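Per-entry structural report
The chain contents come next:
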Amino acid sequence: MKQAIKPIAATLNETYKKQLAINEYQLILNPHEELRTRILQLRNAFSETYQAPILTGKPHVTLVRFTQLALMEDRILQRLRTIAMGYCPFKVELKDFGSLPTHSIFINVTSKLPVRGLVTEIKDVQRLMKLDKENKPHFLDEPNMLIARKLLPWQYEKGWLEYSNKSFAGKFIADSMLLLKRRQGDRNWQIAERFAFQNLPVSTRQGELFA
């Protein structure tokens, strides 16, 4: 009997450890492939010209970044599903470049209102996204698409002198948002879930929620 209990206890212990693991998350808007390719080319060209670190991951618009226990994930997913059900697909327009002195250069998102509206709705979930006093969710109210970051002063000054005079235009339809996650300390992100924007009325969303 004791031998039979040991595997069960080991399984329970492993499940418990997974639940207590800490994950990093980011909720993003993902552009279509052709636009991603254009932005990747810009990133690579900047890196080669100014010996700047290449950004890892595909270009995207970040909505929120947070750190949380794995055991909270299901509750967060459920709330984000409900938000997405009620949100309408919208156009994201990109134009020219901006910067955060003295370390980052990005493509401007000019259609800020629908992105900010979505971020405002997501803020209703921030209590679930807060791990502790030191690890609170970081919401991005000024949406952008990064080209380079963590620049040295000379890289920023020379890069911004060039890119402040460059032009860029692009757009995509945001018909969903992606929640990416990785175990704290890991390098690679994986998709936790894709949330399609369905523009459903409140009554339908509540029916889905409590079904």
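For the rest of this paragraph, the subject is the sheet that holds strand β5 (residues 138–139). Read across the open sheet, the five strands follow the order β5-β2-β1-β8-β9; overall the sheet is antiparallel. Where the open sheet ends on each side, the last strands, each with one partner, are β5 and β9 (190–196). Running at roughly 30 degrees to β9, helix α3 (residues 73–86) makes contact with β1 (22–29), β2 (61–69), β8 (176–183) and β9 of the sheet. On top of the sheet, helix α4 (residues 112–122) reaches β1, β2, β5 and β8; it is set at about 15 degrees to β2, its chief contact.

Let us look at helix α6 (residues 153–163). Burial in α6 covers these residues: Gln155, Tyr156, Gly159 and Tyr163. Along the long axis of α6, the arc covered by the buried residues comes to 95 degrees, so they all point the same way. Within α6, the exposed residues directed more than 90 degrees away from the buried face are Pro153, Glu157, Lys158 and Leu161. Residues of α6 that are buried sit in contact with α2 (33–50), β3 (90–100) and β4 (104–109).

Here we take up the sheet that holds β3. Across the sheet, which stays open at both edges, the four strands sit in the order β6-β4-β3-β7 with antiparallel pairing between neighbours. At either end of the open sheet lies a strand with only one pairing partner, and these are β6 (144–148) and β7 (169–174). In this sheet, neighbouring strand axes are inclined to one another by 35 degrees on average, regardless of whether the strands run parallel or antiparallel. The sheet strands contacting α2 are β3, β4, β6 and β7, and the helix crosses β6 at an angle near 35 degrees.

All chains considered together, the criterion is met by nine salt bridges. Here Glu24 makes a salt bridge to Arg182, at a shortest N to O gap of 2.8 Å. With Glu24 in strand β1 and Arg182 in strand β8, this pair connects stretches of sequence that are 158 residues apart. Like Glu24, the residue Arg182 is buried in the burial classification. Note that Glu142 and Arg116 form a salt bridge whose closest N and O atoms lie 2.5 Å from each other. Of this pair, Glu142 sits in the loop between β5 and β6 while Arg116 sits in helix α4; the two residues are 26 residues apart in sequence, bridging distant segments of the chain. Judged by its relative accessible area of 29%, Arg116 falls in the partly exposed class. Taken together, the salt bridges that share partners define one network made up of Lys112, Arg116 and Glu142.

Rules of the game
Residues numbered from 1 in each chain as written. Predicted model: local features only at pLDDT ≥ 70, side-chain atom pairs only at ≥ 80, totals over all residues. Heavy atoms only, no water. Pairing = 2+ DSSP bridges. Helix = DSSP H or I, 4+ residues; strand = E, 2+ residues; numbered from the N terminus. Contact = heavy atoms within 4.5 Å. Axes fitted to C-alpha atoms, helices over the stretch in contact; angles between N-to-C directions. Buried < 20%, exposed > 50% of the residue type's maximum accessible area, 1.4 Å probe, protein only. Arc of directions from axis to C-beta. Salt bridge = Lys/Arg side-chain N within 4 Å of Asp/Glu carboxyl O.

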